[in-house]
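# What the coordinates show
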Number of protein chains: 2
Amino acid sequence: MAKVLDKITPRDVDFAKWYTDVITAAKLVSYSNTKGSMIICPNGYAIWEEIVRHLDKSFKETNHQNVQMPMFIPESLLNIEKEHVKGFAPEVAWVTHGGEEKLEERLCVRPTSEVLFCDHFKNIIKSYRDLPVLYNQWCTIVRWEKTTRPFLRSREILWQEGHTMHKTAESALEETLKMLKIYEDFQRNILALPVIVGEKTEKEKFAGAIKTYTIEAMMYDGVALQNGTSHYFGDNFAKAFGITYLDEDNTYKTPFQTSWGCTTRMIGAIIMTHGDDRGLVLPPNIAPTKVIIIPIGEDERITKTVKEITKNIQGISYRVDDSKKSPGFKFAEAEVLGIPIRIEIGLRDLEKEEVTLVRRDTLEKIPVSISQVKDKITEILTVIQKDMYNKALERRNTMLHQAKDYEEMKNIAQNLPGFIKINWCGNVECEDKVKDELNIKSRCIIDEEVDGPCAICGKKATKKIYFGKQY
Amino acid sequence: MAKVLDKITPRDVDFAKWYTDVITAAKLVSYSNTKGSMIICPNGYAIWEEIVRHLDKSFKETNHQNVQMPMFIPESLLNIEKEHVKGFAPEVAWVTHGGEEKLEERLCVRPTSEVLFCDHFKNIIKSYRDLPVLYNQWCTIVRWEKTTRPFLRSREILWQEGHTMHKTAESALEETLKMLKIYEDFQRNILALPVIVGEKTEKEKFAGAIKTYTIEAMMYDGVALQNGTSHYFGDNFAKAFGITYLDEDNTYKTPFQTSWGCTTRMIGAIIMTHGDDRGLVLPPNIAPTKVIIIPIGEDERITKTVKEITKNIQGISYRVDDSKKSPGFKFAEAEVLGIPIRIEIGLRDLEKEEVTLVRRDTLEKIPVSISQVKDKITEILTVIQKDMYNKALERRNTMLHQAKDYEEMKNIAQNLPGFIKINWCGNVECEDKVKDELNIKSRCIIDEEVDGPCAICGKKATKKIYFGKQY
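Read on for an overview of the structure. Position labels on residues start from 1 in each chain and follow its written sequence. For naming, the first written chain is A and the first written ligand is 1, with later ones following in the order written. In keeping with the predicted nature of the model, local features appear solely for residues at pLDDT of at least 70, side-chain atom pairs appear and are counted solely at 80 or more, and the whole-chain, interface and lining totals rest on all residues. Side-chain figures throughout are based on the complete set of non-hydrogen atoms in the structure, without hydrogens or water.

### Topic: the interface of chain A and chain B
Convention followed: The contact criterion used is simple: two residues touch if any of their non-hydrogen atoms lie within 4.5 Å. What gets called buried area is simply the loss in accessible area from a 1.4 Å probe that two parts show on being joined, summed for both. Salt bridges are counted wherever a side-chain nitrogen of Lys or Arg sits within 4 Å of a carboxyl oxygen of Asp or Glu. Secondary structure elements follow DSSP: runs of H or I no shorter than four residues count as helices, runs of E no shorter than two count as strands, and numbering proceeds from the N terminus. For this classification, the nonpolar set comprises Ala, Val, Leu, Ile, Met, Phe, Trp, Tyr, Cys and Pro, the charged set comprises Asp, Glu, Lys and Arg, and every other residue, Gly included, is treated as polar. What makes two strands pair is DSSP finding at least two bridges between them.
In this assembly, 50 residues from chain A lie in contact with 50 residues from chain B. For the chain A and chain B pair, buried surface summed over both sides reaches about 4100 Å², with 58% attributable to carbon and sulfur atoms. Applying the counting rule to chain A against chain B returns four salt bridges. A:Lys146 is the salt-bridge partner of B:Glu101, the closest N and O atoms lying 3.2 Å from each other. Of all the elements, strand β5 (residues 93-98) of chain A adds the most residues to the side of chain A that touches chain B, at six residues. Grouping the constituent residues of the side of chain A that touches chain B by class yields 27 nonpolar, 14 polar and nine charged. Strand direction decides the pairing type here: β5(A) and strand β5 (residues 93-98) of chain B, joined by five bridges, are antiparallel. Bridge pairing in β5(B) links A:Gly98 to B:Ala93.

Rendered as structure tokens:
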């Protein structure tokens, strides 16, 4: 057993090292010789496939259609919306040659696809009958990051990006919030992440957006992971691209736009919220394999029981580990992989017509009579899902702080991990001061009533806001 | 009705124009401002999603695991296998700058990922216990084509690429043929394509492969579309990359490798095999929407019947077109989109407790009593699938020719569309002569007995082979 477990640095000793150890031990990613790009291995990609399956279903249920845009953006096209290009040009990869020839115009590999969608929308939106357009794309984007960490910051990112156009500002804003809610529900109910939802400040919003809403998850170490954003663009891009439609009243109008995206970063959030010193702990609702069956020893009765149980639990994704490794090694491996329930089948239990279920999240051992295995598994998977959310919520709540003034804020920022909630005047000067002096950034403005002056400058506050360190 | 149909050039007047007209009318793709890259619109992407769903299921059932490799290949890595780089270097896109900095080593955007997989295999394959490795990747690749056509030839291609490593040459060859068979079955049974399966010649095989097997589909105009390939690499790449494993006998050995891929090009094959002058005709097994329900006129009894039928046919993917367009326009639109069955619900039929089913492939109208709609749909979908295959097969068979000598071959090549089957000596000189003089290329060597001398040089033949024009 030790062989596998020894590799993982304890979480409370060195969290960063623990994170990379877990990823390596669970074989989620592998380093590649393409600097800054990771290889997503089968165990990691299977989690991504489950994420895609859930989200894609939600997108389709809300009438979104999948499309595929080019991966290259001509430089002149990227340059059309000024704020946008300012935000992205410094971090894109440029293709300058095709085959043996130098290109007349260089192309960037998409860092996001607003301009490609706008260029297309200009062609397909003519009349009010063409609206709304509700598109989504699953693809890889590229951002030329200097430092990278698996799932958290990478030069190549697997993601989805929704891009929609609407007749009115109201319906675009409604869409922005609808998709934010889909992200929130998904992360709470499927990933068991107790996320905080709110609006980014002017300073932190997406390049070119009017409003950016964000899902902020807090990791085990109190550091924030921005885990999905939904943007309202107003008619900024539409005007820059000259997109108009003929309305029912026979006048030309400019449509209103949204975009929203989330990435493989969510896998990082699962690891850093739920993992422990033995490795991954996957919430049952996202675990590609929910049950692993481990026969202990070789015996006809054991083989028979494995068959009986696997026949019984059809519909629940399971694996049988009948390899020649020792039971201890298999247990440890199942734990590293974070499989929610392990079924141990040994002779001693069989004499009582029982097997042992082991919960990955608590390591609790539960003897179950063979005839009740399916019911018990279904029940325990639900319990694990709920318990994992609550455990993460409790831990997060211990790291949510409030500060009334700057002294208190400084004291918390320097001594305690987590987020700090304050009243804020809304001025970027105060936001900058906190960033420069306390090294924490604004996370999001939340929908709560102001109950005092700005904790930073002491003037009248207009918003409640969270600050915190981020990945 | 005319409004939609007029746009499509008749298939027998100008096949190339017909093809692009159908694609435009059915809104499968749209042209983009990124030269050589197409936009795959919702109607086109939905077909791709169905293709992915079917193939991915087959890959998983045969124990393949999905992974994601980097999209960039450092130049030095591409250069490792000599034949391979010779084949691909002239047609790759080069990234030379990241953000504002020039890269130390330029990166190509993957045209295929053999070298990336080999580089990774070198790290993960240590022992015979690690074999076989059975990986697959769904991704976008880039090949810098000079001329492009939607789905057939594009700078960006959506595809899957399988990459596997095996202990022995035999098991690698077995895998190569197993995946070829999965492609063949999928294309025959799901896409209703009567494909020809065989081996590529030395001249036409994949850069770096020992054997390349191919799926050759014949389009309505007699021109071939190479629709998926499966390669056996032997230990070529493994040796170039220094991949070895410690075998059970305690000696180091080199593993054997395969790769196999197919692309969105299959959508082109569906269009060009089954389409007609009214637009797309989709085989039921791949059609994203199998049934479209069109109410004729507004009446309470019609609305009630639509509800009754939709409730009845749950499990079959359907759409109701209750827009304000005229019934004729809706019929034409459903035909352009190739939806296998249209249900017309009008008052006259309702008086007889009937509705009318219309087959897209034959345009046959079938009155069906309302209570039997579901059974009849299920039955007719099966019939359409079978009939479409047989119709394509019959047409293809009329364009399969045989030639005994060069005169006959020349005569056919100059006068008849389709493939020409000949006995062949196996020498590249003969293959080149046909290519240069008759402008047709070898399609594939097939598993049939030789029954005469080489049709080209008259010397002893060793193989049966097909020649034909290609897209």
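Let us keep going from here.
### Details of the relation of the copies chain A and chain B
Keep this limit in mind: Only residues with pLDDT of at least 70 in both copies count here: their C-alpha atoms drive the least-squares fit that superposes the copies.
Of the transformation superimposing chain A on chain B, the axial component is 0.0 Å and the angular component is 180 degrees, with the fit at an RMSD of 0.0 Å. Given the turn and translation reported, the copies of this chain are related as if by a two-fold rotation axis. Residue A:Val95 of chain A places its C-alpha closer to the rotation axis than any other residue of that unit, at 2.1 Å. Looking at chain A, 100% of its interface residues are interface residues in chain B too, so the copies touch through the same face.

### A short note on the side chain of B:Glu216
The condition that has to hold: Polar contact is defined as a pair of N or O atoms within 3.5 Å, subject to the rule that within protein one atom must be able to donate a hydrogen and the other to accept it, and that residues adjacent in sequence are counted only when both atoms are side-chain atoms.
Take B:Glu216: it is sitting in strand β10 (residues 211-218). Within the structure, B:Glu216 has its side chain in polar contact with the side chain of B:Thr214 (distance 2.8 Å).

### Quick notes on the sheet that holds strand β18 (residues 354-359) of chain A
Residues and elements named next belong to chain A. Keep this limit in mind: Between N-to-C directions, angles cover 0 to 180 degrees, with each direction set by a line fitted to C-alpha atoms, over the stretch in contact for helices.
Overall, mixed pairing links the five strands, which are arranged β16-β15-β17-β18-β19 in an open sheet. Each edge of the open sheet is held by one strand with a lone partner, namely β16 (318-320) and β19 (365-369). Strand-to-strand twist of the sheet, defined as the mean angle between neighbouring strand axes without regard to direction, takes the value 25 degrees. In terms of strand pairing, strand β15 (residues 291-295) meets strand β17 (residues 341-345) through five bridges, oriented parallel. Along β17, the bridge assignment pairs Ile294 with Glu344. Running at roughly 175 degrees to β15, helix α11 (residues 327-337) makes contact with β15, β16 and β17 of the sheet. Along the sheet, helix α13 (residues 373-398) contacts β15, β17, β18 and β19; its crossing angle with β18, the most-contacted strand, is approximately 15 degrees.

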